[in-house]
Amino acid sequence: MSDIIEFTDNILIGAVNQAKQRLLPRKKFTEPCYTSAIVSIFPSLINSSMFSYVRFGGCFIHQRPIVKAQGYPHGCELGDLLVLCRDKSQGNERFNAALFQLKRDDRNSPEKNVVLSPIQYDLYTKWPLFSFGYTFDENDCYKIRPRMVSPGAQYMIIEDAPYYRPVMFSTSIPKNDIYFDDEASFGLYLWNFIHWDTGRPISIEAEKDEDECSRLIWNLINHTRSVVYNQRAIQQSADRANGDFFIFMQTSECMDYIPQSLLSEINEDSDNAFDPIKEERNAINLEYNGAISILFIDVRR
């Protein structure tokens, strides 16, 4: 198991290094760049080397899903990344999900601290009522229960380390203060995630309204579906994301009103030099705040 985790972490590092080679030094490598590497480059790298029963896919959206919590003066981002696992074992289908907020930490800097938004921190620890957008809507809000920390909503700390390890991903559950576990890694989290040892299982889409967390995740997925097929700010290349992910993303009512010309454009798009920072001003013009970058894991044992 340790070999698989180390292998996965090395693939993640390779994905980040590829993204850095494309963007640096002309661009600052920020959290959205890491997200793009995870969902746009990592899947194709690991799919060529991983077990056949686990396939990865993803889509990048350079737009934060903004939410407004009741009683708080400002809105905040719900997360940078949604990790979603679909497990089809023996004909049954189940889903596991996790939201991540990415934060960089440079241990070589004098501060050695990660700056957290108090509102976003409270959201992941206390789960007040919240709705999408910059104005709280009590008629369309989410009541997440239990109102406590969860392995299904975490911070991902990106640590710049010297010499042998250019980047390391650590997952941390927010408590009184964020903590670092040198043994933790995103590769370890993914291994536990696909074995249902972490994350938060969600109901199937037909039953999502029975659980607020499931409703939230499926609404994020459905909002992302509509954006994926309407914005060129999304990484569309089937070579970089598993084809099953796009099949999964097409199983939505939103497909009924998306022009077929846009779908054809997706299939014809061969531009693999995707630059997440270059598309930032396009993302600002997006009308809806409920879409999110997704790393999709398809497990078929």
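Provided above is the structure to which this section pertains.
Anyway, here's the lowdown on the structure attached to this text. Not measured: the values here are computed from a predicted model.

## A word on helix α2 (residues 31–47)
Between its terminal C-alpha atoms α2 stretches 24 Å, which fits the 24 Å expected from 17 residues at 1.5 Å a residue. Where α2 bends most, at Ile41, the angle is about 45 degrees, and the proline Pro43 comes one to four residues later. Counting buried residues along α2, 13 of its 17 residues qualify, which places the element largely inside the surrounding structure.

## Here we look at the environment of Leu129
Here Leu129 lies in the loop between α3 (118–126) and β6 (130–132). With 13 residues separating them in the primary sequence, Leu129 and Tyr142 have C-alpha atoms 5.7 Å apart. Apart from residues no more than four positions distant in its own chain, Leu129 is found in contact with Lys68, Ala69, Gln70, Phe136, Tyr142 and Lys143.

## Notes on the side chain of Gln101
Structurally, Gln101 can be placed in strand β5 (residues 92–106). The exposure class assigned to Gln101 is buried, which follows from its relative accessible area of 2%. Separated by 3.3 Å, the side chains of Gln101 and Asp80 make a polar contact.

## Let's talk about unusual backbone geometry
Omega for the peptide link from Arg145 to Pro146 comes to 0 degrees, which places this bond in the cis form. Structurally, Pro146 can be placed in the loop between β6 and β7 (153–160). Even without glycine at this site, Trp127 takes up a positive phi of about 45 degrees. Positioned with a positive phi, Trp196 is a non-glycine residue whose angle comes to about 65 degrees. Of note, Trp196 is situated in the loop between α4 (186–194) and β9 (200–202).

## Some thoughts on the sheet that holds strand β3 (residues 76–77)
An order of β3-β2-β6 is seen for the 3 strands of this open sheet, with the pairing classed as antiparallel. Across the chains shown, the open sheet's two edge strands, defined by having one partner strand only, are β3 and β6. By the bridge criterion, 3 bridges tie strand β2 (residues 66–69) to β6 in an arrangement that is antiparallel. For Lys68, the partnering residue across the bridge sits in β6 and is Ser131.

## Considerations on the packing of aromatic side chains
All chains considered together, the criterion is met by 11 aromatic pairs. Ring centres of Tyr124 and Trp127 lie 5.8 Å apart, and the angle between their planes is 25 degrees; this geometry places the pair in the stacked category. A relative accessible area of 0% places Tyr124 in the buried class. For the cation-ring pair, Arg94 lies above Trp196, with the distance from its terminal atom to the ring centre recorded as 3.9 Å.

Basis of the calculations
- Each chain has its residues counted from 1, following the order in which its sequence is written.
- Totals for whole chains, interfaces and linings use all residues, but because this is a predicted model, local features are given only for residues with pLDDT of at least 70 and pairs of side-chain atoms are given and counted only at 80 or more.
- Hydrogens and water are ignored here; the side-chain numbers use all heavy atoms of the structure.
- Strands are runs of DSSP state E lasting at least two residues, helices are runs of H or I lasting at least four, and both sets are numbered from the N terminus onward.
- Every helix has an expected span of 1.5 Å times one less than the residues it contains.
- Each residue is assigned a bend, namely the angle between axes fitted to the seven residues that terminate at it and the seven residues that start at it.
- Burial status follows relative accessibility: with a 1.4 Å probe on protein chains alone, a residue under 20% of its type maximum counts as buried, one over 50% as exposed, and anything between as partly exposed.
- Every residue pair with non-hydrogen atoms within 4.5 Å of one another is taken to be in contact.
- By the criterion applied in these results, polar contacts are pairs of N or O atoms within 3.5 Å in which, for protein atoms, one can donate a hydrogen and the other can accept it, and in which residues neighboring in sequence qualify only through two side-chain atoms.
- In short, DSSP must find at least two bridges between two strands for them to pair.
- Two rings belonging to Phe, Tyr or Trp (six-membered ring only in the last case) form a pair when the distance between their centres is within 6.5 Å. Interplanar angles under 30 degrees mark stacking, angles over 60 mark edge-to-face geometry, and anything in between is tilted.
- Distance and angle both matter: a charge sits over a ring if NZ of Lys or CZ of Arg is within 6 Å of the ring centre and within 35 degrees of the ring normal.

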